[in-house]
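Chains, contacts and geometry: an overview
Letter by letter, the chains look like this.
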Amino acid sequence: MQTRRLSLSDDSGDLADLHGRCFTPGWSAVDFDTYLSRETDDVIGLYTGDILAGLMVMRTVADQSDVLTVCIDKKFRKKGAGRILLTAGETAIAARGADIIFLDVAEDNAAAIRLYRSAGYVQHGRRSGYYRRPGARIGALLFQKRLPRAA
Ligand SMILES: CC(C)(COP(=O)(O)OP(=O)(O)OC[C@H]1O[C@@H](n2cnc3c(N)ncnc32)[C@H](O)[C@@H]1OP(=O)(O)O)[C@@H](O)C(=O)NCCC(=O)NCCS
């Protein structure tokens, strides 16, 4: 598997298709074009051959980054792909000079919570009722990870 920082010349339709298979509602191709064109944002694709297996979007302002989204296509999950993608994202934001990453995750998302914890993310808070679900609200766990400062 290989990761690549994507640009406007990449296929935002592919990104939207994958995102829509992972989240309801997913982001549109127009949404992805916006992220791909923003100075502050990194869109990273994870590929197996020519196939887009995962994507991640991060936003960096000064020395801080937020993970805006991350997902792996169902058929490639539980094989270490999420970890590879997170590492690529961390490398991209470190190159910008950021050294702390924030993200939030629904508290019933066991797969993502396990991924973040095992990659060294530490919970620093919780937002009650943050995500809306059909007929319910679910809390968000707030995680952060401090990266070593570049020499
Ligand atoms: C969360 C997600 C990105 C994980 O991707 P993945 O490629 O399956 O993750 P990895 O194979 O790299 O696994 C990383 C760790 O999570 C664990 N894990 C993965 N899926 C799991 C599951 N369903 N239940 C419990 N643990 C799980 C792995 O065992 C591994 O743990 P370890 O490092 O202690 O061995 C993927 O499940 C996904 O895209 N989910 C839908 C979108 C989503 O929820 N995104 C996150 C929003 S905050």
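Preceding this section is the structure that the text describes.
The residue count restarts for each chain, going from 1 along the sequence in the order it is written. Per-residue local features are limited, in this predicted model, to residues with pLDDT of at least 70; the limit for side-chain atom pairs, both in listing and counting, is 80 or more; totals at the level of whole chains, interfaces and linings are taken over all residues. Side-chain measures were taken over the full set of non-hydrogen atoms in the model, leaving aside hydrogen atoms and water.

**Here we look at the site of the ligand**
- Taken together, 20 residues surround the ligand, and among them Ile-72, Lys-78, Gly-80, Gly-82 and Asn-109 come closest.
- At 2.8 Å, a backbone N or O of Gly-80 approaches an oxygen atom of the ligand.
- The side chain of Asn-109 places a nitrogen or oxygen atom 2.7 Å from an oxygen atom of the ligand.
- When atom positions are compared with the pocket grids, the ligand is found to occupy the largest pocket.
- The set of elements that each furnish at least two residues to the shell around the ligand consists of strand S4 (64-72), helix H3 (81-95), strand S5 (100-106) and helix H4 (110-118).
- Top contributing element to the shell around the ligand by residue count: H4, with 6 residues.
- Any residue that is not Ala, Val, Leu, Ile, Met, Phe, Trp, Tyr, Cys, Pro, Asp, Glu, Lys or Arg is counted as polar, Gly included; the first ten are nonpolar and the last four charged. Residue composition of the shell around the ligand, by class: 10 nonpolar, 4 polar and 6 charged. The near set for a molecule or strand comprises every residue that places at least one heavy atom within 4 Å of it. Whenever two N or O atoms come within 3.5 Å, that pair is a polar contact, provided that in protein one can donate a hydrogen and the other can accept it, and provided that, for residues adjacent in sequence, both atoms are side-chain atoms. Cavities and pockets are defined on a 1 Å grid built over the protein atoms alone: a cavity is a set of grid points where a 1.4 Å probe fits but cannot escape, while a pocket is an open set with protein on both sides within 12 Å along at least five of seven lines, and lining residues are those with an atom within 4 Å of any such point. The way we define it, a molecule is inside a pocket or cavity when more than half of its atoms are within 2 Å of that pocket's grid points. Helix and strand assignments follow DSSP, with helices taken as H or I runs no shorter than four residues and strands as E runs no shorter than two, numbered in order from the N terminus.

**Considerations on H3**
- One less than the residue count of a helix, multiplied by 1.5 Å, gives the span that helix is expected to have. Over its 15 residues, H3 runs 21 Å from end to end, which matches the ideal 21 Å to within 8%, given 1.5 Å per residue.
- With a 1.4 Å probe rolled over the protein chains alone, any residue whose accessible area is under 20% of its type maximum counts as buried; one over 50% counts as exposed, and the rest are partly exposed. Among the residues of H3, those classed as buried are Ala-81, Gly-82, Leu-85, Leu-86, Ala-88, Gly-89, Glu-90, Ala-92 and Ile-93.
- Of the residues trailing H3, Gly-97 is marked for its positive phi of about 95 degrees.

**Quick notes on H4**
- Here H4 has its buried residues at Ala-112, Ile-113 and Tyr-116. Seen from one end, H4 has its buried residues packed into an arc of 100 degrees, which puts them on one side. The exposed residues of H4 that point more than 90 degrees off its buried face are Ala-110, Ala-111 and Arg-114.
- The secondary structure elements touched by the buried residues of H4 are S4, H3, S5 and strand S7 (136-146).
- Trailing H4 by a residue or two, Gly-120 shows a phi angle of about 95 degrees, which is positive. Starting at the helix axis, one direction is taken to each C-beta atom, and the arc is that of these directions. Throughout, a residue-residue contact means that at least one pair of heavy atoms, one from each residue, lies within 4.5 Å.

Geometric values such as these leave the question of function open.
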